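Geometric and topological summary
The residues making up each chain are set out below.
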Amino acid sequence: MHPNPTFRTEDPQRNIDFARERAFGTLAINGEDGPHTSHIPFLLDPDGTSAELHLVRSNPIARLCKNPLPCVITALGPDSYISPDWYETPDQVPTWNYVSVRITGVLYPMPTEDMHAVLDRLSEHFETLLLPKRPWTASKMTDGVMEKMMRMILPYRMEVTKIEGTWKLGQNKPDEVRVKAAQGVAAYGQGQEIATLAALMRGAK
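Owing to the predicted nature of the structure, the values given are computational and were not obtained by experimental measurement.

Moving on: the packing of helix H5 (residues 175-188) against helix H6 (residues 194-203). Between H5 and H6, the least distance of the axes is 8 Å, while the angle of their chain directions is 170 degrees. As judged from the angle between their axes, H5 and H6 are roughly antiparallel. Across the interface between the two elements, Arg-178, Ala-181, Ala-182, Gln-183, Val-185 and Ala-186 of H5 pack against Ile-194, Leu-197, Ala-198, Met-201 and Arg-202 of H6. Partitioning the contact of H5 with H6 into residue classes produces eight nonpolar, one polar and two charged.

In structure tokens:
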């Protein structure tokens, strides 16, 4: 997390909503031989108190998580390099604007028989985002195929203890300067989802 509290003033519910919509991030844990990470889809509860996910059995995190395990999920949003020239004010330096939400908690293994239900909830979440496309469901699978594939994955529940968001959008700049930077991002930005970040920067308070 960025240490400047100026970038951590968003309403807690906005951080929850962002993570729920993003629903993809980097899971990280500490192992005896160092940190382990895995890129995962996850489903965060509306109140931000727990999340569901799954891991391949051969994943090092899955091998370590036989018992509750402290963990972090980081969900990244739009980002871009910011050129000092865009501010049109003297004595500025390069920076990077971005949105990131960090979810801290404890990872618990779930019973293997819960795997199907976890997959159904995850796929329902993502398929709903594709409407009016007719949602995919596991019922479209040939009998026995889904069960065979699920032998390779395991379900997990994360009990959330803290959710923090960094919305580094130039809030420490005057409105007119921030808008100029947003225009620079829209025209020349280097990063991901440039248009989304430029719009967020224009609207940041």
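That covers the picture; the talk isn't over yet.
Moving on, we come to the packing of aromatic side chains. As enumerated under the stated definition, the model contains two aromatic pairs in all. Considering the side-chain rings of Phe-18 and Trp-167, the 5.7 Å spacing of their centres and the 70 degrees angle between planes classify their relative orientation as edge-to-face. One end of the pair, Phe-18, is in helix H1 (residues 12-22); the other, Trp-167, is in strand E7 (residues 153-168), and 149 residues separate them in sequence. On the accessibility criterion, Phe-18 (13% relative accessible area) is buried. Since its relative accessible area comes to 3%, Trp-167 is described here as buried. The ring centre of Tyr-108 lies 5.0 Å from the NZ or CZ of Arg-157, which sits over that ring. Positioned above the aromatic ring of Tyr-87 is the side chain of Lys-173, whose terminal nitrogen or guanidinium carbon lies 4.7 Å from the ring centre.

Burial of E7 is extensive: twelve of the 16 residues sit out of reach of the surface. Here twelve bridges tie strand E6 (residues 95-109) to E7, and the two strands are oriented antiparallel to one another. By the bridge assignment, Tyr-98 is partnered in E7 with Lys-168.

So, on to the state of the cysteines. All chains considered together, the criterion is met by zero disulfides. No disulfide involves Cys-65; its nearest neighbouring cysteine sulfur is the one of Cys-71, lying 7.7 Å away. By relative accessible area, which is 4% here, Cys-71 ends up buried.

Here we take up H6. Within H6, burial applies to Ile-194, Leu-197, Ala-198, Leu-200 and Met-201. The buried side chains of H6 occupy one side of the element, clustering within an arc of 165 degrees when seen end-on.

Rules behind the numbers
Residue numbers run consecutively from 1 along every chain, following the written order of its sequence. Where local features are concerned, this predicted model is filtered to residues with pLDDT of at least 70; where side-chain atom pairs are given and counted, the filter is 80 or more; whole-chain, interface and lining totals use all residues. Side-chain calculation: all heavy atoms of the structure are included, whereas hydrogens and water are not. Axes here refer to lines fitted to C-alpha atoms; in helices the fit is confined to the stretch in contact. Angles between the N-to-C directions go from 0 to 180 degrees. Under the DSSP-based scheme used, a helix requires at least four consecutive residues in state H or I and a strand at least two consecutive residues in state E, with every element numbered from the N terminus. Should an angle lie under 35 degrees it is considered roughly parallel, over 145 roughly antiparallel, and from 65 to 115 roughly perpendicular; all remaining angles are considered oblique. We call two residues in contact whenever any of their non-hydrogen atoms come within 4.5 Å of each other. Put simply, Ala, Val, Leu, Ile, Met, Phe, Trp, Tyr, Cys and Pro go in the nonpolar bin, Asp, Glu, Lys and Arg in the charged bin, and everything else, Gly too, in the polar bin. Working definition: rings of Phe, Tyr and Trp (its six-membered ring) pair if their centres are within 6.5 Å, and the pair is stacked with planes under 30 degrees apart, edge-to-face with planes over 60 apart, and tilted otherwise. Only protein chains enter the accessibility calculation, which uses a 1.4 Å probe; a residue is then buried when its area is under 20% of its type maximum, exposed when over 50%, and partly exposed in between. In our convention, an over-ring charge means Lys NZ or Arg CZ found within 6 Å of a ring centre and within 35 degrees of that ring's normal. At least two DSSP bridges between two strands are needed for those strands to be called paired. Disulfides are defined as pairs of cysteine sulfur atoms found within 2.5 Å of each other. This arc is taken over the directions from the axis of the helix to the C-beta atoms.

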